[in-house]
Amino acid sequence: MSYIVDFKNVSTIGLESSPVADALAGLRANEARYFMNKYKHEFTVVPASDSQDNLDYVNRVLKERDIAFAAKPLETSRFQVENIQFTYVFYEDGLGINVMYTVDDPKKRAVGFKLSEGMEVPQELEGKFKFARQKSKLAGTIRGSYFVIKGQY
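Residues numbered from 1 in each chain as written. Predicted model: local features only at pLDDT ≥ 70, side-chain atom pairs only at ≥ 80, totals over all residues. Heavy atoms only, no water.

Per an unreviewed UniProt entry, the protein goes by the name Phage tail protein and belongs to Paenibacillus alba.

Dropping the structure here:
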């Protein structure tokens, strides 16, 4: 069942099994607020168990850098605004991944990693990426990094 993320009343619905559920819910709400403010788009997530195609797509893109996460995926989201396709995966350990794939400009395609406050850098990313810090009223301190996608997906 899909869930429209409410960024005014942050909820841990769907994320309860995460040891950093509150911070992960804040991270998810932060993304929802961004898409509402920038694109007037409601950010909707579905359980990972109901969206294997989204997980397969993200895993295919991550293979470009030989990255495969051991953490359990909890939720995904996939949508297009303007000429950009977005795919999100939120993991139990507090990691949020997004694939931003412009339909008509191969120079503007990337994978972003966001770490919820209170989680360690996943072993799969340790030493491979530098993380910048960002303050969020909804999510506390978010650490993020990214890589540019080279292939066609």
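Chemist: What is the right way to read the sheet that holds strand β4 (residues 84-91) from this model?
Modeler: Two orientations exist for strands paired in a sheet by backbone hydrogen bonds: parallel and antiparallel. Strand order across the open sheet formed by eight strands is β1-β2-β3-β4-β5-β6-β8-β7, with antiparallel pairing between neighbours. In the strand order of this sheet, the two ends are held by β1 (3-4) and β7 (132-136), each with one partner. For β1 and strand β2 (residues 44-47), the ladder comprises two bridges, and the chain directions are antiparallel. Paired with Ile 4 across the bridge in β2 is Thr 44. Contacts from helix α1 (residues 21-39) reach β1, β2, β3 (73-81), β4, β5 (95-102), β6 (109-115), β7 and β8 (140-148) within the one sheet, and its direction differs from that of β4 by about 165°. Relative to the sheet, helix α2 (residues 52-62) contacts β3, β4, β5, β6 and β8, its axis offset from that of β3 by approximately 85°. (Pairing = 2+ DSSP bridges. Helix = DSSP H or I, 4+ residues; strand = E, 2+ residues; numbered from the N terminus. Contact = heavy atoms within 4.5 Å. Axes fitted to C-alpha atoms, helices over the stretch in contact; angles between N-to-C directions.)

Chemist: Just checking my understanding: could you explain the nonpolar core for this structure?
Modeler: The nonpolar side chains of a soluble globular protein tend to be buried with one another. Leu 62, Ile 67, Phe 69, Leu 95, Ile 97, Val 111 and Phe 113 are the most contacted members of the largest nonpolar core, which has 23 residues in total. Elements that contribute at least two residues to this core include exactly α2, β4, β5 and β6. Non-local contacts of Leu 62, meaning those with residues more than four positions away in its chain, are made with Ile 67, Phe 69, Ile 97, Val 111, Phe 113 and Phe 147. Core analysis: the next-biggest nonpolar cluster, separate from the first, contains 22 residues, Leu 15, Leu 74, Phe 86 and Ile 142 among them. (Core = buried A, V, L, I, M, F, W, Y, C linked by side-chain atoms within 4.5 Å. Buried < 20%, exposed > 50% of the residue type's maximum accessible area, 1.4 Å probe, protein only.)

Chemist: Looking at this structure, how should I read α2?
Modeler: What sets the pattern is the α-helix's 3.6 residues per turn: residues three or four places apart point alike. For α2, every residue scored as buried is listed here: Asn 54, Leu 55, Tyr 57, Val 58, Val 61 and Leu 62. Along α2, the residues classed as buried sweep out an arc of 160° about the axis, all on the same side. Packing partners of the buried residues in α2 comprise β3, β4, β5, β6 and β8. (Arc of directions from axis to C-beta.)

Chemist: What should I look at first to understand α1 in this one?
Modeler: Look at α1: 27 Å from first C-alpha to last across 19 residues, which is about the 27 Å you get at 1.5 Å a residue. Positive phi appears at Lys 40, one or two residues downstream of α1, with a value of about 55°. (Expected span 1.5 Å × (residues − 1).)

Chemist: Looking at this structure, how should I read the environment of Phe 147?
Modeler: Here Phe 147 shows up in strand β8. Exposure remark for Phe 147: the relative accessible area of 2% places this residue in the buried category. Separated by 72 residues in sequence, Phe 147 and Glu 75 have C-alpha atoms that sit 22 Å apart.

Chemist: Would you take a moment to explain the pattern of salt bridges for this structure?
Modeler: It is possible for side chains bearing opposite charge to pair when their charged atoms get close. Following the criterion strictly, the structure yields two salt bridges and no others. Between Glu 75 and Arg 28 there is a salt bridge, and its shortest N-O distance comes to 2.6 Å. Of the two residues, Glu 75 is situated in strand β3 and Arg 28 in helix α1; the sequence distance between them amounts to 47 residues. According to the relative accessible area criterion, Arg 28 is buried, its value standing at 0%. (Salt bridge = Lys/Arg side-chain N within 4 Å of Asp/Glu carboxyl O.)

Chemist: Mind showing me how you'd approach unusual backbone geometry here?
Modeler: With the exception of glycine, most residues fall at negative phi, and the peptide bonds are largely trans. The backbone of Lys 40 shows a phi angle near 55°, a positive value even though the residue is not glycine. Positionally, Lys 40 belongs in the loop between α1 and β2. In this structure Lys 40 comes out as exposed when scored by relative accessible area, which is 65%. Positive phi, close to 50°, is recorded for Glu 82, a residue that is not glycine. Inspection of the secondary structure assignment puts Glu 82 in the loop between β3 and β4. We classify Glu 82 as exposed; its relative accessible area is 64%.

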